[in-house]
Amino acid sequence: AQTVTQSQPEMSVQEAETVTLSCTYDTSENNYYLFWYKQPPSRQMILVIRQEAYKQQNATENRFSVNFQKAAKSFSLKISDSQLGDTAMYFCAFTRNNNDMRFGAGTRLTVKP
Amino acid sequence: EAGVAQSPRYKIIEKRQSVAFWCNPISGHATLYWYQQILGQGPKLLIQFQNNGVVDDSQLPKDRFSAERLKGVDSTLKIQPAKLEDSAVYLCASSFLRGQETQYFGPGTRLLVL
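Bear in mind that the values here come from a model prediction, so they are computed numbers and not experimental data.

S.K.: Describe the confidence of the model for chain A, and please don't skip the residues or the numbers.
M.R.: Low-pLDDT portions of the prediction should not be read for the details of their coordinates. Mean pLDDT over chain A stands at 92; residues scoring 70 or higher make up 96%. When the elements of chain A are averaged for pLDDT, strand S11 (residues 102-103) of chain A gives the smallest value, 91, and strand S3 (residues 19-21) of chain A the largest, 98.

S.K.: Could you give an account of the packing of aromatic side chains, naming the residues involved and the relevant values?
M.R.: Under the defined criterion, the tally for this structure stands at 15 aromatic pairs over all chains. With centroids separated by 5.2 Å and ring planes inclined at 35 degrees, the aromatic side chains of tyrosine 32 of chain A and phenylalanine 94 of chain A adopt a geometry described as tilted. A residue pair is termed long-range when its members are at least 10 positions apart, and tyrosine 32 of chain A in the loop between strand S4 (24-26) and strand S5 (33-39) and phenylalanine 94 of chain A in strand S10 (residues 88-95) qualify at 62 residues. Ring centres of tryptophan 36 of chain A and phenylalanine 75 of chain A lie 6.3 Å apart, and the angle between their planes is 20 degrees; on these two criteria the pair is classed as stacked. Taken together, the residues span a long stretch of sequence, with tryptophan 36 of chain A in strand S5 and phenylalanine 75 of chain A in strand S9 (residues 74-79) at a distance of 39 residues. Just as tryptophan 36 of chain A is buried, phenylalanine 75 of chain A falls in that class too. What links up through ring pairs into an aromatic cluster is the set Phe35, Tyr37, Phe91 and Phe103 of chain A together with Tyr33, Tyr35 and Phe105 of chain B.

Reading the values: the criteria
Residues numbered from 1 in each chain as written. Chains lettered and ligands numbered in written order. Predicted model: local features only at pLDDT ≥ 70, side-chain atom pairs only at ≥ 80, totals over all residues. Heavy atoms only, no water. pLDDT = per-residue confidence, 0-100. Helix = DSSP H or I, 4+ residues; strand = E, 2+ residues; numbered from the N terminus. Phe/Tyr/Trp six-rings, centres within 6.5 Å; stacked < 30°, edge-to-face > 60°. Buried < 20%, exposed > 50% of the residue type's maximum accessible area, 1.4 Å probe, protein only.

Set out below in structure tokens:
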């Protein structure tokens, strides 16, 4: 069974600084997809970034980037120039081709002014 | 483009009562998902539809939960009878196809069972 582990229940960062959220996963599959979702207090889950396991290049979306280490089964999210609006729960998620998406328990990120 | 719509946003019921949630996916999305998110946890898939057929309902407590997507568009999730442990946020998501497609989530329905 696939599992996703987020070892940091809570984190905080000063505005404009950089923070990295950790995620590890367990799978025997070779082809799969990884996601980071953001869930602000309004509870609408929003896609932040996605990574295809067959791609060696790390995905980047503006201030958000990932460090994908396939051999180590690690998928961390780096947020640069943190903004107050980045305050939210962040969920790491994993899916194979059948789209049975598994989520981690989440990391609560607080950006402090 | 309109997002995934869900209603109601909040619901409070007493245990043993029944409740229903409604979801309208993004237009053209063939796949629809219902998730249960208990406070402090990540979402857990309850059921997945491809058009109007069930693809995966292995984690759906079928003795009390049911879901349908009769015309392959909107969907209803029902709980009957509700238990205290059903208190959670119920999230609906949709994607264009199955497989590696990104899922888009609705705002969720927060259920409190007293």
